[in-house]
Protein chains: 2
Amino acid sequence: MSKIHNFSAGPCILPQEVFQKSAEAILDFNGSGLSILEISHRSKDFVAVMDEARAIVKRLMKLGDDYEVLYLGGGASLQFAMVPFNLMKSENGKAAYLDTGTWAAGAIKEAKKLGTVDIVGSSKAENYSFIPKDYTVGSEYDYFHCTSNNTIYGTQMRTFPKVDTLMVCDMSSDIFSRVIDFSQFDLIYAGAQKNMGPAGTTLVVVKKEILGKTGRDIPSMLDYSLHIAKESMYNTPPVFPVYASLLTLQHLENHGGIAAAEIRNEAKAKLLYAEIDRNPLFETFCVKEDRSLMNVSFKLLDESKKEEFDNSWKAAGINGLNGHRSLGGYRASLYNALPIESVQVLVDVMQNLK
Amino acid sequence: MSKIHNFSAGPCILPQEVFQKSAEAILDFNGSGLSILEISHRSKDFVAVMDEARAIVKRLMKLGDDYEVLYLGGGASLQFAMVPFNLMKSENGKAAYLDTGTWAAGAIKEAKKLGTVDIVGSSKAENYSFIPKDYTVGSEYDYFHCTSNNTIYGTQMRTFPKVDTLMVCDMSSDIFSRVIDFSQFDLIYAGAQKNMGPAGTTLVVVKKEILGKTGRDIPSMLDYSLHIAKESMYNTPPVFPVYASLLTLQHLENHGGIAAAEIRNEAKAKLLYAEIDRNPLFETFCVKEDRSLMNVSFKLLDESKKEEFDNSWKAAGINGLNGHRSLGGYRASLYNALPIESVQVLVDVMQNLK
């Protein structure tokens, strides 16, 4: 079978080494004669996996002991509820949200169930084609929530605002893809299934001191403090997804960390956007300055060439290029593990479309 | 390496075929050239996995279209909160709980956050050594909650009460192990990591008609109705744990279903309990009539023989026999995938201890 170029938006391509090593661990984990699927999460071998999976995140993000790292189940969508449960005051709770796309709107919906939400900026009326920048967030808010990268619309926050309250960020689709001062955030969360690992676990990085101040009676499984007290083992964790995430992060660390990934990601995005800008047949959905380096959402301007284009990229071994059903068009996701060679194959197909 | 006899309480032994097939799928899923870890959950291939994983549960349980099957993230502990969110009325909500162990108590703790909980029976004062049977549950309750098998204490509900309200059961540690009339329950849930699959997903089987009646504003991810409306794909599901669970359930179906598993499980339990009853050195923690066929918790009566016993079972290739830290002693978990040959190895070790 010829090579497949996997542009899927998530779950998505991971390093081939992660597939090899995790398949091996399913047959025999650490030479124990047991599968990683059948060992106790309290076994020495798995406790070591969880400890290292938590530690490597702080090393990669250059964060200190004031932060805690958790691997939870339930997906980033569960964080939409956990964030207000843990940070929004039970009396007169009020949070500021930036509305930059479908997932930001999902987070807003859950926060509204627990208190007042002020949308300090929104590009919804323009079909989320840009990142609002003209807003301030004062200390009257319990926290500010933003989405660093909008997978569907192909926009990305290139800079982050200074706010006078806690800073919360959903980094599901661009975590570990670029150098950021992570210490500007009080809480970061990300579903694993883009740059971090397979579907089934969600990373939470949280500054301990911000917790326990809402006066709320939080369901235990939604309470960050409880998960921290149990070192991310309050209940049986999603063992295999955590292990495969560790393998992915070890691969990142062994290949130059976030700084090196950023250089590779910038090169891939530059290659593809250059072709979109050069080729009169294609156009992005969003404004130039807010283009995402992770998800390149674009449309074909001449519908009569759609069949030819679709046949061509499929024939070239490209997979997962269809746009999200809510937007249409195409979406090339350029996550950490996608090689630049795959982008070149796509660019070649675009250039050959006359 | 000699064979390992895995008595782990969960995550636990699964059929060897599941390890083989899931390792293959990580390297190449369905001959697609892609790993199951990198495919979209919206891909045709994975939608087929989810559809079949839902359908096979209804076939195995002999349930009709009035039930819905979900595979959620977050673990059974999240169900402790989801059950009251979905079933306990927002005004004067009141539920009846049976307190048979640590996990039952965990479920009670979460329900109390949302309404009144009456504990209709408890064996806590006797260290959970039996299943309370002398109670009734009237229609004044929104629902009744019980735990079918108590992993730590080695007790199991051999029969279920008739109640005048909704019947909810946590079957995490004995689901698919014995023939039951599953239609007597309105809601069943179970963390996958015993008889069903690896850690990382939780099965929910729910009668549709009981939902949407509480008047509560439920966080979306905790709302069964929303998950049902999206066919268990409200958000990205835990793809690999769901796939490995499907493989496990297919193995069960191909080997005689629940009825055949029950015969094998009864034979294994009979073999081990016969030795405990015969051997003056050993004793269970619980009364005879409530003994679990899944988890045999027992103690060694002569502490001076502990080192010899521990060395012997370890030398025999036995793994995961230590009791839960809250109870001590030993625990032999005899889940569906454990072969009777492993039980014989343990019995031999017990017989050789003089």
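Residues numbered from 1 in each chain as written. Chains lettered and ligands numbered in written order. Predicted model: local features only at pLDDT ≥ 70, side-chain atom pairs only at ≥ 80, totals over all residues. Heavy atoms only, no water.

Some points on the overall build of chain A
So, point 1. What chain A contains, in helices and strands, is nine helices and 14 strands.
So, point 2. For 354 residues, the compact-globule estimate of 2.2 N^0.38 gives 20 Å, and the C-alpha radius of gyration of chain A, at 21 Å, lies within 12% of that figure.
So, point 3. Across the 354 residues of chain A, 62% fall into the buried class.
So, point 4. For chain A, the exposed surface amounts to about 13100 Å²; the carbon and sulfur share of it is 49%. (Helix = DSSP H or I, 4+ residues; strand = E, 2+ residues; numbered from the N terminus. Rg over C-alpha atoms; globule rule 2.2 N^0.38 Å. Buried < 20%, exposed > 50% of the residue type's maximum accessible area, 1.4 Å probe, protein only. Areas by Shrake-Rupley, 256 points an atom, 1.4 Å probe, with all protein chains shown as cover.)

Structural notes on the nonpolar core
General note: in soluble globular proteins, nonpolar side chains tend to be found buried as a group.
So, point 1. Among the nonpolar cores identified, the biggest contains 123 residues, and Phe176 of chain A together with Phe176 of chain B are the most heavily contacted of them.
So, point 2. Here phenylalanine 176 of chain B is in contact with Val57, Leu60, Met61, Met196, Leu203, Leu249, Leu252, Ile258, Ala261 and Asn336 of chain B, once residues within four sequence places are set aside.
So, point 3. Among the nonpolar cores identified, the runner-up in size contains 60 residues, and Tyr97 of chain A together with Ile108, Val117 and Tyr189 of chain B belong to it. (Core = buried A, V, L, I, M, F, W, Y, C linked by side-chain atoms within 4.5 Å. Contact = heavy atoms within 4.5 Å.)

With respect to the interface of chain B and chain A
So, point 1. In this complex, chain B contributes 57 residues to the contact, which on the side of chain A involves 57 residues.
So, point 2. Here chain B and chain A share an interface that buries about 4200 Å² over both sides, 63% of which is from carbon and sulfur atoms.
So, point 3. Taken together, chain B and chain A are joined by one salt bridge.
So, point 4. Residue aspartate 217 of chain B pairs with lysine 113 of chain A through a salt bridge whose shortest N-O separation is 4.0 Å.
So, point 5. Counting only elements with at least two residues in the side of chain B that touches chain A, the list comes to α1 (16-27), α3 (76-87), α4 (102-112) and α6 (239-254) of chain B. (Buried area = accessible area lost by both parts, 1.4 Å probe. Salt bridge = Lys/Arg side-chain N within 4 Å of Asp/Glu carboxyl O.)

A few points about the pairing of strand β5 (residues 143-147) of chain B
Residue and element names in this part refer to chain B.
So, point 1. Counting buried positions along β5 yields five of five residues, so the element is predominantly enclosed.
So, point 2. Where burial is concerned, the two faces of β5 agree: the one with Tyr143, His145 and Thr147 and the one with Phe144 and Cys146 are both buried.
So, point 3. In terms of strand pairing, strand β3 (residues 94-99) meets β5 through three bridges, oriented parallel. When the bridges of β5 are listed, alanine 95 appears paired with tyrosine 143.
So, point 4. As paired strands, β5 and strand β8 (residues 166-170) are joined by five bridges and run parallel to one another. (Pairing = 2+ DSSP bridges.)

As for the sheet that holds strand β14 (residues 330-333) of chain B
Residue and element names in this part refer to chain B.
So, point 1. Spatially, the three strands line up as an open sheet ordered β11-β12-β14, and their pairing is antiparallel. Of all the strands in the sheet, just β11 (282-284) and β14 have a single pairing partner and so form its edges. Going from strand to strand, the sheet's axes swing by 35° on average, the running direction of each strand aside.
So, point 2. Sheet topology note: the strand β12 (residues 295-300)/β14 ladder contains four bridges and is antiparallel. Paired with asparagine 295 across the bridge in β14 is serine 333. (Axes fitted to C-alpha atoms, helices over the stretch in contact; angles between N-to-C directions.)

A look at the UniProt feature "modified residue: N6-(pyridoxal phosphate)lysine" (unreviewed entry) in chain A
All names here are of chain A.
So, point 1. Residues annotated in UniProt with the feature "modified residue: N6-(pyridoxal phosphate)lysine" (unreviewed entry) correspond here to Lys194.
So, point 2. Relative to the elements of secondary structure, lysine 194 occurs in the loop between β9 (187-191) and β10 (202-207).
So, point 3. The class of lysine 194 is buried, set by a relative accessible area of 12%.
So, point 4. In this structure lysine 194 touches Ala9, Gly10, Cys12, Ile13, Leu14, Thr151, Ser172, Ser173 and Tyr335, once residues within four positions along its chain are discounted. (UniProt positions renumbered as here; feature names shortened; annotations may be inferred.)

A word on helix α2 (residues 44-61) of chain B
All names here are of chain B.
So, point 1. The end-to-end C-alpha distance of α2, which contains 18 residues, comes to 26 Å, matching closely the 26 Å that a straight helix rising 1.5 Å per residue would cover.
So, point 2. Along α2, the residues classified as buried are Phe46, Val49, Met50, Ala53, Arg54, Ile56, Val57, Lys58, Leu60 and Met61.
So, point 3. As for α2, its buried residues are in contact with β2 (67-72), β9 (187-191), β10 (202-207), α6 and α7 (257-278).
So, point 4. Where α2 ends, the next residue or the one after it, lysine 62, has phi of about 55°, a positive value. (Expected span 1.5 Å × (residues − 1).)

Some details on the relation of the copies chain B and chain A
For these two chain copies, the linking operation is a rotation about an axis paired with a shift along it.
So, point 1. The transform that puts chain B on chain A rotates by 180° and translates by 0.0 Å along the axis, for an RMSD of 0.0 Å. Seen this way, the second copy is the image of the first under a two-fold rotation axis. (Least-squares fit on C-alpha atoms with pLDDT ≥ 70 in both.)

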